[in-house]
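Coordinate inspection notes
Listed below, chain by chain, are the residues.
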Amino acid sequence: MIDQQLVKWGKSGNIIREIAEYCDEQAKIVGEDHVYNFTIGSPSIDPPARVFEVMNKLMSSVPPARLHTYAPAIGFPEVREKAAEYLEKTFGIPYRKQDVIITCGTSTCLAALTKVLLSGGGRAMTFTPYFMDYKYYAEAYGSGLTECPTTPDTFQLDLEAAEKALTSDTMMIIINSPNNPSGVVLKREGLEELARLLYKKQAEYGHPIYIVADEPYRDLVYDGQEVVFLPSIYKNTIYCYSFSKSISLPGERVGFMAFTPELDDYFDIYSAAIAVIRAFGYICVSSMWQRICIECLGETSDISIYKGNRDLLYGSLTEMGYQCVYPDGAFYLFMKTPEPDAMVPGDSFGTPGYVRIAYCVSREVIERALPVFRKLAEEYRIAR
Ligand code: PLP
């Protein structure tokens, strides 16, 4: 019997991709200058120079047959070691090379960890708004995703709501800060309160509750805002990082997950994660790209360009009368829609009434789009 849940997921498509394709079709009809495509969260700025330095060095010094060989299933030991060293140096937690698994971005981490933590029938929980794939993973591998509301308009954690949403079958909490789709960075105070709540609930339920920290946007913050390193405040945290956004390499599919040595049931979870990675065939991330990415850990593309886009877009839209959540990080602006129907609909992020604008586009696209946003504001009579 084919799993009907998977069939439903496959048939549901990806609304963002569909709208992006529609934009491409329209560009052929009305001309590119008349299409303002803010749909996809794919970096628009070049990777940092270091990427190409390391790439050229590898290509000129390592024979092709070795450079393009299979990597070990969970990553080269030296790459895993460098990731562990970086985490220890940066965040003060003594990770070891055996605590790190090299993955195809955080997508692999999320899929694998959802399978590991939920296949006994548990549920995942996350905070709205959230990246829509969480729901698919939780429905495909467990008994679903609980959407916990956050504070209206600021999207910070609401601890009362969290306490209500937690149940004895909650096995994992997915936290994404800086957030896709809102750009919000979660504040330390709320996260520390959540950690206290989870310690209390673990004791009450008699089983661990794991935080999965989904952090592809960790290094994209614009005003010096602190991005709390969750393993340092809650020991049952599995940290997931990706090079897709920070150094603009989404197509190369490199990231990693790191298991705090103190994690409850460390060996079971770690071993099961390796098994799932093998069973799904998510093994042997590109030999060349994992070696390049690890040398660039901690670097970013020139994010002053995204900051410029953020400032222009946020400043102009709010001045026109639109209501937006101030985005401290990532490259998204979450805007209240003038009517309930939306463009990249907030409904698909668990938050109706909002639209996500991905501002990882050229400044020129934003400049061309602003008069259209103004016209729309006038039509909907929200203009000030
Ligand atoms: N998590 C969030 C919140 C994302 O926005 C994305 C990609 O857009 C991912 C995970 C997956 O990214 P990747 O697999 O490229 O690391």
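Predicted model only: the values in this text are computed from it and were never measured. Per chain, the residues get numbers from 1 upward, laid out in the order the sequence is written. This being a predicted model, a pLDDT of at least 70 is required before a residue's local features are given, and a value of 80 or more before pairs of side-chain atoms are given or counted; all residues contribute to the totals for chains, interfaces and linings. The side-chain values count all of the structure's non-hydrogen atoms but skip hydrogen atoms and water molecules.

Considering helix 9 (residues 188–205)
Spacing of three or four residues puts side chains on the same side of an α-helix, whose turn is 3.6 residues. Every helix listed is a DSSP run of H or I at least four residues long, and every strand listed is a run of E at least two residues long, numbered separately from the N terminus. A helix is expected to span 1.5 Å multiplied by its residue count minus one. The end-to-end C-alpha distance of helix 9 is 25 Å, a good match for the 26 Å that 18 residues give at a rise of 1.5 Å each. Burial here depends on accessible area, computed with a 1.4 Å probe over protein chains only, as a share of the maximum for the residue type. Under 20% is buried, over 50% is exposed, and the range in between is partly exposed. Those residues of helix 9 that fall on the buried side of the exposure criterion are Gly 190, Leu 191, Leu 194, Ala 195, Leu 197, Leu 198, Lys 201, Gln 202 and Tyr 205. Close packing links the buried residues of helix 9 with strand 2 (123–127), helix 8 (159–165), strand 4 (170–175) and strand 5 (210–215). Gly 206 occupies a position one or two residues after helix 9 and carries a positive phi of about 75 degrees. We call two residues in contact whenever any of their non-hydrogen atoms come within 4.5 Å of each other.

Focus on the domain arrangement of the protein chain
What fixes the domain bounds is an automatic or database domain assignment. Here the protein chain is described as being made up of domain 1 (4–48 + 301–383) and domain 2 (50–294). Using only C-alpha atoms to locate each centre, domain 1 and domain 2 end up separated by 26 Å. On the domain 2 side, the residues contacting the 38 residues of domain 1 number 37 residues. Taken together, both faces of the contact between domain 1 and domain 2 bury some 3000 Å²; the carbon and sulfur share is 60%. It is Trp 9, Pro 48 and Asp 328 in domain 1 that bury the most area against domain 2; as a group they hold 21% of the surface buried on that side. Each reported salt bridge corresponds to a side-chain nitrogen of Lys or Arg within 4 Å of a carboxyl oxygen of Asp or Glu. Our enumeration of links across domain 1 and domain 2 arrives at 2 salt bridges. Of the charged contacts in the structure, one is a salt bridge between Arg 310 and Asp 223, with a shortest N-O distance of 3.1 Å. A simple way to read buried area is as the amount of 1.4 Å-probe accessible surface that goes missing from two parts once joined, with both sides added.

Observations regarding the sheet that holds strand 4
If you walk across this open sheet you meet the 7 strands as 1-7-6-5-4-2-3, and the pairing is mixed. Across the chains shown, the open sheet's two edge strands, defined by having one partner strand only, are strand 1 (100–103) and strand 3 (145–148). In this sheet, adjacent strand axes meet at a mean angle of 20 degrees when their direction is disregarded. A pair of strands is labelled paired if DSSP reports no fewer than 2 bridges between them. Bridge count between strand 6 (residues 237–242) and strand 7 (residues 255–259): 5 bridges; the pairing is antiparallel. Each residue of the ladder has a partner; that of Tyr 241, found in strand 7, is Phe 256. The convention used is that axes are lines fitted to C-alpha atoms, helices contributing only their stretch in contact, and that angles between N-to-C directions extend from 0 to 180 degrees.

Looking at unusual backbone geometry
Cis geometry is found at the peptide bond from Ser 177 to Pro 178, where omega equals -5 degrees. Considering the arrangement of structural elements, one finds Pro 178 in the loop between strand 4 and helix 9. Geometrically, the link from Asn 180 to Pro 181 is a cis peptide bond, its omega value of 25 degrees lying close to zero. Despite not being glycine, Arg 253 shows a phi value in the positive range, around 60 degrees.

Brief notes about the pairing of strand 7
With 5 of 5 residues buried, strand 7 is to be regarded as a mostly interior element. The two faces of strand 7 match: Gly 255, Met 257 and Phe 259 on one face and Phe 256 and Ala 258 on the other face are all buried. Taken together, the 4 bridges between strand 1 and strand 7 define a ladder with antiparallel strand orientation. Across the sheet, residue Thr 103 finds its bridge partner in strand 7, namely Gly 255.

So, the packing of aromatic side chains
Two numbers describe a pair of aromatic rings. These are the distance of the centres and the angle of the planes. Stacked, tilted and edge-to-face are the three classes applied to pairs of Phe, Tyr and Trp rings, where Trp contributes its six-membered ring and a pair requires centres within 6.5 Å; stacked means planes under 30 degrees apart, edge-to-face means over 60, and tilted covers the rest. Throughout the structure, instances matching the rule amount to 26 aromatic pairs. Ring centres of Phe 38 and Phe 373 lie 6.1 Å apart, and the angle between their planes is 45 degrees; on these two criteria the pair is classed as tilted. Within this pair, whereas Phe 38 is found in the loop between helix 2 (15–30) and helix 3 (49–61), its partner Phe 373 is found in helix 13 (residues 363–379), the two being separated by 335 residues in sequence. Here the two residues Phe 38 and Phe 373 agree in accessibility, since each one is buried. Ring centres 6.1 Å apart and planes at 85 degrees place the aromatic pair Phe 334 and Phe 349 in the edge-to-face group. Here Phe 349 lies in the loop between strand 8 (332–336) and strand 9 (354–358) and Phe 334 lies in strand 8, a separation of 15 residues in the sequence. The residues Phe 334 and Phe 349 share a single accessibility class, namely buried. Taken together, the aromatic side chains of Phe 91, Phe 229, Tyr 239, Tyr 241, Phe 243 and Phe 256 make up a single cluster linked through ring pairs.

Side note on the pattern of salt bridges
Under the criterion given, the structure shown has 19 salt bridges. Taking the shortest distance from any N to any O, the salt bridge between Glu 53 and Arg 50 comes out at 3.6 Å. In this pair, Glu 53 and Arg 50 both sit in helix 3, 3 residues apart, roughly one turn of the helix. The exposure class of Glu 53 is partly exposed, given its relative accessible area of 47%. We classify Arg 50 as partly exposed; its relative accessible area is 29%. Across the pair Glu 295 and Arg 50 runs a salt bridge whose closest N-O atoms are separated by 3.7 Å. Remark: Arg 50 occurs in helix 3 and Glu 295 occurs in helix 11 (residues 287–295); sequence separation between them is 245 residues. Salt bridges sharing common partners tie together Arg 50, Glu 53, Lys 82 and Glu 295.

Observations concerning the site of the ligand
Being near a molecule or strand, for a residue, comes down to having at least one heavy atom within 4 Å of it. Around the ligand lies a shell of 16 residues, among which Ser 107, Asp 214, Tyr 217, Ser 242 and Ser 244 are the nearest. Contact between the ligand and Thr 106: an oxygen atom at 2.8 Å from a main-chain N or O atom of the residue. Polar contact is the term for a pair of N or O atoms within 3.5 Å; when the atoms are in protein, one must be able to donate a hydrogen and the other to accept it, and sequence-neighboring residues count only if both atoms are side-chain atoms. Asn 180 places a polar side-chain atom, nitrogen or oxygen, 2.7 Å from an oxygen atom of the ligand. Each accessible area value is a Shrake-Rupley result obtained with a 1.4 Å probe; residue values ignore everything except the protein chains displayed when judging cover. Here the ligand loses 92% of its free accessible area of 400 Å² to cover by the protein chains. Broken down by element, the residue count for the shell around the ligand peaks at 4 residues, all from helix 6 (residues 105–118).

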